[in-house]
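Survey of secondary and tertiary structure
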Amino acid sequence: MNNSLNRFSEVSFLIIDDFSEFRLSLKNMVESFGARQVDTCTNAEDGLEIYAEHYHQIVLVDYNLGEGLSGLQLLEELNHRSLLKADTIFILITGETAMDLVMGALEYRPDDYLAKPFTRNSLKTRLDKLIKQNQMLQPIYNSLNKNKPSQALSLCDSLPLTNKRASMPCLKIKGDILLKSGQYAKAANIYSNVIEQRELNWALMGLAKCYAGLGMLPKVKDLAERIICKNKYALAAYDLLSETYCNLGDHEKAYALLKSAIDISPNSLIRQRQLGYLALRYLDIETSYAAFKKVLLLGKSSIKILPDDYINTLQIICMVQFGSFGSLSRRAPKEYSPIYRTIVKFYPNDIQLNTAVELHQILLKYLSDKSGTNLDGIKKLLKSVSNHPDKLKPFLISQIIFIEKYIEDIEIKNIIEDTIGLEQSELFTQENAKKSQNYNRQGMLKFKQKDYLAAKKSFKTALLNAPSNANIALNLLQCLYKLALSEQKNQVESSILVLCAQSLENLEPSDHRYAHSQNLFNHIKAQLVTKTGKIK
Amino acid sequence: MKDTKIDFSIVLGASMHDMKNSLCMLLQSIDLINDKIDHDNQTRAELAQIHYEIARVNSNLLQLLALYKNNNKNLPLNVEEHYMDELIDELWAKNEMYIDNKQITCTCEVEDDLAWFFDLDLVSNLLNDILVNALRYTHSKIIITAKIVDSILEIKIYDDGDGYPESMLKSPTDQMNSTKLVNSRTGLGLYFATLIANAHESNDIQGSIELNNGGLLGGSIFTLKIP
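Residue indices begin from 1 for each chain and proceed along its sequence in written order. Lettering of chains starts at A and numbering of ligands starts at 1, both following the order in which they are written. With the structure being a predicted model, the display of local features is reserved for residues of pLDDT at least 70 and the display and counting of side-chain atom pairs for 80 or more, all residues being used for whole-chain, interface and lining totals.

**Let's talk about the overall build of chain A**
Each helix is a run of H or I in the DSSP string that is no shorter than four residues. Each strand is a run of E no shorter than two, and both are numbered from the N terminus. When you go through chain A residue by residue, the secondary structure sums to 27 helices and five strands. For chain A, whose C-alpha radius of gyration is 26 Å, the value lies close to the compact-globule estimate of 24 Å for 536 residues. Taken along its principal axes, the extent of the C-alpha atoms in chain A is 85 × 60 × 45 Å. Exposure in this text rests on C-beta crowding, where 20 or more other C-beta atoms within 10 Å of a residue's own make it buried, 12 or fewer make it exposed, and counts in between make it partly exposed. The C-beta atoms are placed from the backbone. Residues classed as buried in chain A amount to 43% of the 536 residues present. Sequence separation of 24 or more characterises 57% of the internal contacts of chain A that already satisfy a separation of 6 or more. All radius of gyration figures rest on C-alpha atoms, and the globule criterion is 2.2 Å times the number of residues raised to 0.38. Note on contacts: residues are paired as contacts if their backbone-placed C-beta atoms lie within 7 Å.

Here you go:
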C-alpha cells in the first residue's frame, strides 16, 4: 500500500482503558503504525473531557472501564452532549462477555468493535478498512458537520454511483437524516427497500420509528416484537415497544417489558426512570423506589438527569417512610439529606426547585407531628407559589399535587386550585389512550387535506388525552408551523405551544424527534416575529 | 455450607474475560519479541508455533461460549452487509506470522465488490478455525474462493494436504457425541461450524457446510454455504 505510514501520521488517537498494561500496549501498536498524536486516559469521564478538547479521529475504548461509565455509555454520553463528530471513528474493544450488549445497541452503534485478543496485524487491517470507509463517506460527514442535511442527502444519492461500497452506508445515513427531519414517509420508503433485500435489524428499527411517527401503532408493535424475537438484546426495540404500549394505553404490558429490559441492562438512566414511573402507577412502591435510586446514582455521571428525578425520588422515599416496608421504612429518613445537598450543589439558582424541596421538607415535618404550625407553614408556602412570575414547572406541580394527596384539608385544596390555575390543570386531564389515538388519526387526515385548523383542534384533543405522547405533540407542532406560515398566524396560541413544549421536554437530544421539534419551534418563532414584528 | 446455585454463565463470562486479557497480552508480547529478535530461523519458528497455539486456544474459547449460548437458546445473530475481500484480508492478517514462517502460498479468488449478508464475528471465527486447521495440514498452498451460486454465498477453502480422513467425510457433523470429540481434533470445530452455518437463514433456506477431498489443489475442501 502506498504511503500507509503517512496515513496514520495524520490521524489523532484517543485510547481509553483502565488496565494500564493494555493501554500502553495499544499505544505502542498504533505508534508502530506511524501515529504521532496519541492521547490516553483511564476512564470515560476523563475521556469525555479530552475528546471535547481535541476531537480525535479515532477513539479506541475498552467496554469494561471498571467503576463509572462503560465504553458504550461513553458513546451514549458523547451523543447526548452532541459532542461526537460524524467522522470520528469510535471503536469499542470488548471481551466476549459484553459483546451481546454492544451488538444489541441499535441506537448508538460504535463504528466497529474489536474482540480481544487481536494481533497488531489484525488491528491494522481493521483500522485500514475503517479509515478507507471513512474517507469514502467524508463528503457526507462534512455536510453533516456543517449542518447541511439536504446537501448530505444529495451526496447520499450520488456517492454510490461511483463507489458501490458506499451504497449501504449511504442508505443508512439517508434514512437517519430523513427520520430526524420528520420526513417519515420518505424514510420508511428507504428502510422498506433495504428490508426487501435483507431483514437487517437497523432497517427494521428505522421503519418502526417511521410508523411511530405516522401514528401506525399496531405496525410499530409488530416490528418491535419482531426485532426482539430476532435479538433479545436489542434494547432500543424494548424502549420503543414499551413507549408504544403506553401510547396504546396498555401500561401493564409496558411495565412487564421494561422490567425484562432492565434485567438485561440495568444501567440506563432513562429506562430506570420510565420503570420508576410505571411502577408507581401500579403502586409497586418498592420497585419504583429502587428504580429512582438507581436514576440518581446513574445521574452522577450523566447529563440525562432532570430536576424532576430528584423531586420524584424525594416523594417516593416519603411514601416508603410512611408506608409499611419494615426496615426499608426505618432507613428512609436518612436518605433525604444527601439528595438535598445534591440539589443545592447543582441547581443553586432554580427557585422553583428550591420551593419544591421546601414544600417537601415541611410536609415531612407535618406528617411526623401533625402540628397546626406546620400545616400553616404549608399553606403559607403554597400561597407564595402563586406569586412565582414564571409558569410552574411540572416537578413543582407534581409536588403540590403530592401534598394534596397526603393532607385532607379543604383550605389547602382551595389554595392549590387557585395556585395551579385552570390552564395548567388542563394538563392533568384524564388519560384516555383510545380517544387520543382516534383524535390523532383524525388530525392526520385533516392535515393531509391541508385543513390545518381542524387538524390543530384534533391534535390538541389528542394531546390532552395523552399528555406524554411526544409523537402527537410533534404532529400538533407541525400543524402550528403550517398555520404560522399561512395567513392564520393568530391561530398559533402560545398556550398550545407551551402544551407541546411540555410534552416534548423529556425528549433526549439523541432521539430523532428532538432535532425535529427544535427546528419546528425555531421556525415558528421566526415566522411569528416576521409577521407581527414583536413576539418574543 | 449453604446450597447456593451459581449462575454458570456468569462464572464462564468472568473467567473468559480474564483469559482473553491474558491471551491478548501474550499475543502482543510475541509481536514485540518478534520485532526485536534477529533472523534466527529456529526462534522464529518457535514463536510462530506459540502464536498458532494461542490462536487455537482462543478459537476453542470462542466456540465454547457460542455452544453454551446455543444450549441456552441465546445466540443472537447480527447480520450486516460485508465485503468478501475485507473478510479474507483479515483472515490472512490474523495468521500472517504462521503463514510467513511455514512459507505457505495463500491466494484468494473473489470477484471485486462481492458483498453478502452475515454475522461477521461468527463467520470470521468459523473460517479462521478452518483456516488454522488447513494451515496445519497443508503442504504448501491454500486457496480461498467465494462466489454466489443460485443466491447462496459459497466460500471454499482448498489445501494441498492429504485431505480429510474417510471417516470424517461420511459422518454428519451436526450430531455431536463424546466419542467423536475424543477421536478427532476437529470435532468441536466442525460442530461449531455447522451450528453457525445453520443459524444463518434466509427465505426458509438454512446455511450449511460440506467436507470434500480433491478439487483445485487435490487436498481437502471445506465449503460454507450462506443463503
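Here the narrative resumes.
**Concerning the overall build of chain B**
Secondary structure summary: chain B contains eight helices and nine strands in total. When the 227 residues of chain B are sorted by exposure, 30% land in the buried category. For chain B, the share of sequence-separated contacts (at least 6 apart) that also reach a separation of at least 24 residues comes to 70%.

**Some details on the confidence of the model for chain A**
Residue-level confidence of the predictor is what pLDDT reports, using numbers from 0 through 100. Looking at chain A as a whole, the pLDDT averages 86, with 93% of positions reaching at least 70. Taking the mean pLDDT of every element in chain A, the minimum, 60, falls on helix H5 (residues 99-104) of chain A and the maximum, 96, on strand S1 (residues 12-16) of chain A.

**Focus on the environment of Ile317 of chain A**
All names here are of chain A. Within the secondary structure, Ile317 is located in helix H16 (residues 307-321). When the C-alpha atoms of Ile317 and Ala291 are compared, they prove to be 12 Å apart, with 26 residues separating the residues in sequence. Each residue touching Ile317, except ones within four places of it in the same chain, is listed here: Ala332, Glu335 and Tyr336.

**Topic: the sheet that holds strand S2 (residues 37-41) of chain A**
Residues and elements named next belong to chain A. One bridge is not enough; two strands pair if DSSP finds at least two bridges between them. The five strands are arranged S2-S1-S3-S4-S5 in an open sheet whose pairing can be described as parallel. Looking at the sheet topology across the chains shown, the edges are occupied by S2 and strand S5 (112-115). The mean inter-strand angle of the sheet, taken between neighbouring strand axes irrespective of direction, is 20°. Throughout, an axis means a line fitted to C-alpha atoms (over the contacting stretch in the case of helices), and angles, computed between N-to-C directions, take values from 0 to 180 degrees.

**Considering the sheet that holds strand S5 (residues 152-159) of chain B**
Residue and element names in this part refer to chain B. Taken in spatial order, the five strands of this open sheet run S2-S4-S5-S9-S8, and their pairing is mixed. Each edge of the sheet is formed by a strand with only one pairing partner; in this case those strands are strand S2 (105-110) and strand S8 (208-213). With direction set aside, neighbouring strand axes in the sheet form an average angle of 15°. Bridge analysis of S2 against strand S4 (residues 141-149) gives six bridges, and the strand direction is parallel. Looking at the pairing, Thr105 lines up with Lys141 of S4. Helix H3 (residues 84-94) contacts S2 and S4 of the sheet and is inclined by roughly 170° relative to S2.

**Observations concerning the interface of chain B and chain A**
Taken together, the contacts link 29 residues of chain B with 26 residues of chain A. The element best represented in the side of chain B that touches chain A is helix H1 (residues 8-36) of chain B, accounting for eleven residues. For this classification, Asp, Glu, Lys and Arg are treated as charged, while Ala, Val, Leu, Ile, Met, Phe, Trp, Tyr, Cys and Pro are nonpolar and the rest, including Gly, are polar. Taken together, the residues of the side of chain B that touches chain A break down into twelve nonpolar, six polar and eleven charged.

**With respect to the packing of H16 of chain A against helix H18 (residues 336-346) of chain A**
All names here are of chain A. Between H16 and H18, whose axes approach to 11 Å, the crossing angle comes to 165°. Considering their axes alone, H16 and H18 lie roughly antiparallel with respect to each other. As H16 packs across H18, the resulting crossing turns out to be left-handed. Of H18, the residues touching H16 (which contributes Tyr310, Thr313, Leu314 and Ile317) are Tyr336, Ile339, Thr342 and Ile343. When the residues that make up the contact of H16 with H18 are grouped by side-chain class, the tally is six nonpolar, two polar and no charged. Oblique is the label for any angle not covered by the other classes, which are roughly parallel (under 35 degrees), roughly antiparallel (over 145) and roughly perpendicular (65 to 115). For a crossing to be left-handed, the near helix must be turned anticlockwise from the far one by less than a right angle; the clockwise case is right-handed.

**Thoughts on the domain arrangement of chain B**
All names here are of chain B. Segmentation into domains, and thus their bounds, comes from an automatic or database assignment. As assigned here, chain B comprises domain 1 (8-71) and domain 2 (79-226). The partner domain 2 presents twelve residues to the 14 residues of domain 1 that form the contact. Element by element, the count of residues in the side of domain 1 that touches domain 2 is highest for helix H2 (residues 41-71), at 13 residues. Looking at the side of domain 1 that touches domain 2, its residues break down into seven nonpolar, five polar and two charged.

**Details of the pairing of strand S9 (residues 220-226) of chain B**
Where a strand is regular, its side chains alternate between the two sheet faces. Residues and elements named next belong to chain B. Counted residue by residue, S9 has five buried out of seven residues, so it is predominantly covered. The sheet contact formed by S5 and S9 spans six bridges and is antiparallel. Looking at the pairing, Glu154 lines up with Lys225 of S9. Inspection of the sheet shows S8 paired to S9 by six bridges, in the antiparallel sense.

**Topic: the nonpolar core**
The nonpolar core is taken to be a set of buried Ala, Val, Leu, Ile, Met, Phe, Trp, Tyr and Cys residues joined by way of C-beta atoms within 7 Å. Counting residues in hydrophobic clusters, the biggest one holds 122 residues, and the most contacted among them are Leu207, Ala208, Ala224 and Ala237 of chain A together with Leu126 of chain B. Grouped together as the second largest cluster of nonpolar side chains are 33 residues, Ile16, Cys41, Ile89 and Phe118 of chain A included.

**Regarding the environment of Met319 of chain A**
On the secondary structure map, Met319 of chain A appears in helix H16. The spatial distance from the C-alpha of Met319 of chain A to the C-alpha of Gln183 of chain A is 44 Å, given a sequence separation of 136 residues.

**Regarding helix H5 (residues 120-137) of chain B**
With 18 residues, H5 of chain B should reach 26 Å at 1.5 Å per residue; the first-to-last C-alpha distance of 26 Å fits that figure. For H5 of chain B, the set of buried residues is Leu122, Val123, Asn125, Leu126, Leu127, Asp129, Ile130, Leu131, Asn133 and Ala134 of chain B. To estimate the expected span of a helix, count its residues, drop one, and scale the result by 1.5 Å.

**Brief notes about unusual backbone geometry**
If a residue is not glycine, its phi is most likely negative; likewise, a peptide bond is most likely trans. All names here are of chain A. Residue Lys370 is not a glycine yet carries a positive backbone phi of 50°. Within the secondary structure, Lys370 sits in the loop between helix H19 (351-369) and helix H20 (372-385). Note on Lys370: 10 C-beta atoms within 10 Å, which makes it exposed.

**Topic: the confidence of the model for chain B**
Residue and element names in this part refer to chain B. Across chain B, pLDDT averages 82, with 86% of residues at or above 70. Here helix H7 (residues 178-183) stands out as the element of chain B with the lowest mean pLDDT, 51, in contrast to S5, whose mean of 95 is the highest. The ipTM assigned to the predicted complex is 0.80, against a pTM of 0.81.

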